[in-house]
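What follows is the residue order along each chain.
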Amino acid sequence: MTMNMEDMIIASVDDHVIEPPTMFDQHLPKELRKLAPQYVTDELGNASWYWEHEDKRTFAVGLNAVVGRPKEEYGMEPMNIDQMRKGVWDAEAHIDDMNAMGQMTALMFPTFAGFDGGWFWDAKDKNNCKRVMSAYNDWHIDEWCGPYKGRYFRGAILPLWDMEAAIDEARRVIKKGVETFFFPANPAARNRLPSVHDEYFEPLWKLCDEYAIPLSCHIGTGAAPEANSDQSPISAWITSMPIAIATDAADLLHLNALQRYPNLKIALSEGGIGWVPYMLERADFTHKHHGPWVRMDFGGKLPSEVFREHFLTCFIDDRFGCDNYEAVGEDIISYECDYPHSDCTWPFVPEDLWDNVKDMPTHVIDKVTHQNAYRFYNMDPVAEFGRANCTVGALRAKAIHVDVGAVSLGGKDAREHGEDGRAITSGQVAKTFVPRTAGEVNESRRKRKGLV
């Protein structure tokens, strides 16, 4: 059949939730809530998650949650949820936003907890931390995802510093229907955990294989996509950011457990696809040329074959990768929206995605827009609800009441630290991720009057 844009079914394997202040209210007993992180806002409007019990705080509460703003404001860091679109932190409003962009299903990575849950790992009170992490998972699975069947891939964070506890929590959330575990692309980065090549992770590999639960590894949870210097234009960092996961991907490809566990699967979240053919070509060359001395065993297969058996890649906008889908592997490409971050093209997701895939055969379009993702995460809402109810056209028809116009909102603006006409630098953007002082607030107000 001939496919039109409105006929697509869109599943995103990388979106992000901004956790609401009430997230622990229904998932911890009242007497234990005081031992959990709290969403707090100071007198200047700086919001943070503060964990008094651990004397631990994160100010990057929004992580550039700028969906729905004019593009001129994409670099602004929201100071609190009042400066974000409601769909960013409200579950019902998020479904409206998904309908407005014609997206059927989303995988929502954590934010204040870290994309892999790593913010929790250095807690001193380990027993309380495990309890808090379980409450986090219950909120995500039961409260955020639960009421909206077929609209979310349910994920969970694990107390990975304690493998016995991690396996216990993994088994608990598997019973709740979890479809993936959020896992670091390189656990050993920044000396947080053992290497993936350490036998420490063997119980987790075995469990993932037994229950066919894939690991979702987001960029930045391994090799840090850092700017070359504070003076480097921020656009240089944005350009190279997705490719940062290539180093982690090469290391994960050499994981010996892949030879022993056929159902051990790994998603390279927000990594792009255009670089994949070269990495696979290089991996095959290395295996053939250096094999006699490096002694790496891929089970009689080429590294590229192993990669296509165990990995899922994804793209937001990657015309080169889509034009060369055969070199990547049509069965391992999926779409990602990245809502509500600044790379997200909401509400024009279908229009942009269509520009990437329209020249593919219809069966390949279906694979990269949703089928590969549903197979990888072991769910199929299309089979349950019918294709006609899952398409871009059908979902957008439910969202005619949703205002998708760009709205100017407040936040910490990197342009306030720059000079008129000059490129915004990485150092200037970094200043937006620290709390404001009263003097900075007043200076911001004066400068913004000049920007209007």
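Predicted, not measured: the structure shown is a model, and the values here were computed from it. Every chain's residues receive numbers from 1 upward, in the order its sequence appears when written. Under the rules for a predicted model, residues below a pLDDT of 70 receive no local features and side-chain atom pairs below 80 are neither given nor counted, while totals for whole chains, interfaces and linings still include all residues. Where side-chain values are given, they derive from all heavy atoms of the structure, hydrogens and water being excluded.

**Q** How do you make sense of the overall build of the chain when you look at a structure like this?
**A** Secondary structure elements follow DSSP: runs of H or I no shorter than four residues count as helices, runs of E no shorter than two count as strands, and numbering proceeds from the N terminus. On a plain count of helices and strands, the chain comes out with 18 helices and 12 strands. Here the chain has a C-alpha radius of gyration of 22 Å; the compact-globule value for 452 residues is 22 Å, and the two agree. Residue exposure (1.4 Å probe, protein chains only): buried if accessible area is under 20% of the type maximum, exposed if over 50%, otherwise partly exposed. Per-residue burial for the chain yields a buried fraction of 55% across its 452 residues. Residue contacts are counted whenever heavy atoms from the two residues lie within 4.5 Å of one another. Counted over contacts in the chain with a minimum sequence separation of 6, partners at least 24 positions apart contribute 74%. The Shrake-Rupley method, run with a 1.4 Å probe, gives the accessible areas here. Residue values count only the displayed protein chains as cover. Split by element, the accessible area of the chain, about 19400 Å² in all, is 51% carbon and sulfur. C-alpha atoms define the radius of gyration in this analysis, and the globule rule sets the expected value at 2.2 Å times the number of residues to the power 0.38.

**Q** Just checking my understanding: could you explain helix H10 (residues 303–310) for this structure?
**A** Side chains that are three or four residues apart share a direction in an α-helix, a result of its 3.6 residues per turn. All of the buried residues in H10 are Pro303, Ser304, Val306, Phe307 and His310. Down the axis, H10 shows its buried residues gathered within 160° of arc, on one side only. For H10, the elements touching its buried residues are helix H7 (245–253), helix H8 (257–260), strand E10 (266–269), helix H9 (276–294), strand E11 (311–315) and helix H14 (362–376). The arc in question is the one traced by the directions running from the helix axis out to the C-beta atoms.

**Q** It is not clear to me how unusual backbone geometry should be interpreted in this structure. Could you clarify?
**A** What is expected of a backbone is that most residues other than glycine have negative phi and most peptide bonds are trans. Look at the link from Tyr339 to Pro340: it is a cis peptide, with omega at 5°. In this fold, Pro340 is placed in the loop between strand E12 (333–335) and helix H13 (349–357). Residue Pro347 is reached from Trp346 by a cis peptide bond, and omega for that bond is 0°. Considering the arrangement of structural elements, one finds Pro347 in the loop between E12 and H13. The phi torsion at Asn64 lies on the positive side, around 65°, for a residue other than glycine. Secondary-structure assignment places Asn64 in the loop between strand E4 (56–58) and helix H2 (91–100). Positive phi, normally seen in glycine, also occurs at Asn378, with a value near 60°. Residue position: Asn378 is located in the loop between H14 and helix H15 (381–385).

**Q** Any chance you could explain the packing of H9 against H10 here in plain terms?
**A** When two helices pack together, you describe them by how their axes are tilted relative to each other and by the distance separating the axes. Geometry is summarised by axes, namely lines fitted to C-alpha atoms with helices restricted to the contacting stretch, and by angles between N-to-C directions that run from 0 to 180 degrees. Relative to each other, H9 and H10 sit at 135°, their axes nearing to 8 Å. Considered as vectors, H9 and H10 are oriented oblique to each other. Residues Val276, Met279, Leu280, Ala283, Asp284 and His287 of H9 lie in contact with H10, whose contacting residues are Pro303, Ser304, Phe307 and Arg308. Think of it as three bins: nonpolar holds Ala, Val, Leu, Ile, Met, Phe, Trp, Tyr, Cys and Pro, charged holds Asp, Glu, Lys and Arg, and polar takes everything else, Gly as well. Residues belonging to the contact of H9 with H10 are distributed by class as follows: 6 nonpolar, 2 polar and 2 charged. Here the word oblique covers every angle except those under 35 degrees (roughly parallel), over 145 (roughly antiparallel) and from 65 to 115 (roughly perpendicular).

**Q** Quick question: what am I supposed to make of the pairing of E10 here?
**A** Successive side chains on a regular strand alternate, one facing one side of the sheet and the next facing the other. Burial along E10 is two-sided: the face carrying Ile266 and Leu268 and the face carrying Ala267 and Ser269 are both buried. Across 4 bridges, the pairing between strand E9 (residues 215–218) and E10 is parallel. Bridging across to E10, Ser216 finds its partner in Ala267. Relative to E11, E10 is paired through 2 bridges, and the arrangement is parallel. By the bridge assignment, Ala267 is partnered in E11 with Leu312. Any two strands are treated as partners once DSSP identifies two or more bridges connecting them.

**Q** Just checking my understanding: could you explain the nonpolar core for this structure?
**A** As a rule of thumb, soluble globular proteins bury nonpolar side chains together. Joining through side-chain atoms within 4.5 Å is the link that ties buried Ala, Val, Leu, Ile, Met, Phe, Trp, Tyr and Cys residues into a set, and such a set is a nonpolar core. Counting residues in hydrophobic clusters, the biggest one holds 134 residues, and the most contacted among them are Met8, Phe24, Phe120, Phe181, Leu204, Trp205 and Val357. In terms of residues, this core owes the most to one element, helix H3 (residues 126–145), which gives 9 residues. Residues contacting Met8, with those up to four places away along its chain left out, are Met3, Pro350, Leu353, Trp354, Val357, Ile365, Thr369, Cys390, Thr391 and Val392.

**Q** Quick question: what am I supposed to make of the environment of Ala388 here?
**A** Relative to the assigned elements, Ala388 resides in the loop between H15 and helix H16 (392–397). Sequence separation of Ala388 and Val349 is 39 residues, and the distance between their C-alpha atoms is 19 Å.

**Q** What should I look at first to understand the pairing of E11 in this one?
**A** E11 sits mainly inside the fold: 5 of its 5 residues count as buried. Burial along E11 is two-sided: the face carrying Phe311, Thr313 and Phe315 and the face carrying Leu312 and Cys314 are both buried.

**Q** Help me understand the pattern of salt bridges, please; the structure alone is not making it clear to me.
**A** When their charged atoms lie close together, side chains carrying opposite charge are able to pair. Salt bridges are defined as contacts in which a side-chain nitrogen from Lys or Arg sits within 4 Å of a carboxyl oxygen from Asp or Glu. Per the counting criterion, the structure on display carries 22 salt bridges. Where Arg319 meets Asp317, a salt bridge forms, and the shortest distance between an N and an O atom there is 2.5 Å. Classification of Arg319 as partly exposed rests on a relative accessible area of 35%. Exposure remark for Asp317: the relative accessible area of 38% places this residue in the partly exposed category. For Lys367, the salt bridge is made with Glu330, and the minimal N-O distance between the two is 2.7 Å. In this pair, Lys367 is assigned in helix H14 and Glu330 in the loop between helix H12 (325–328) and E12, connecting sequence segments 37 residues apart. With a relative accessible area of 17%, Lys367 lands in the buried category. Each of Asp138, Asp142, Glu169, Arg172 and Lys176 takes part in salt bridges that share partners, so that together they form one network.

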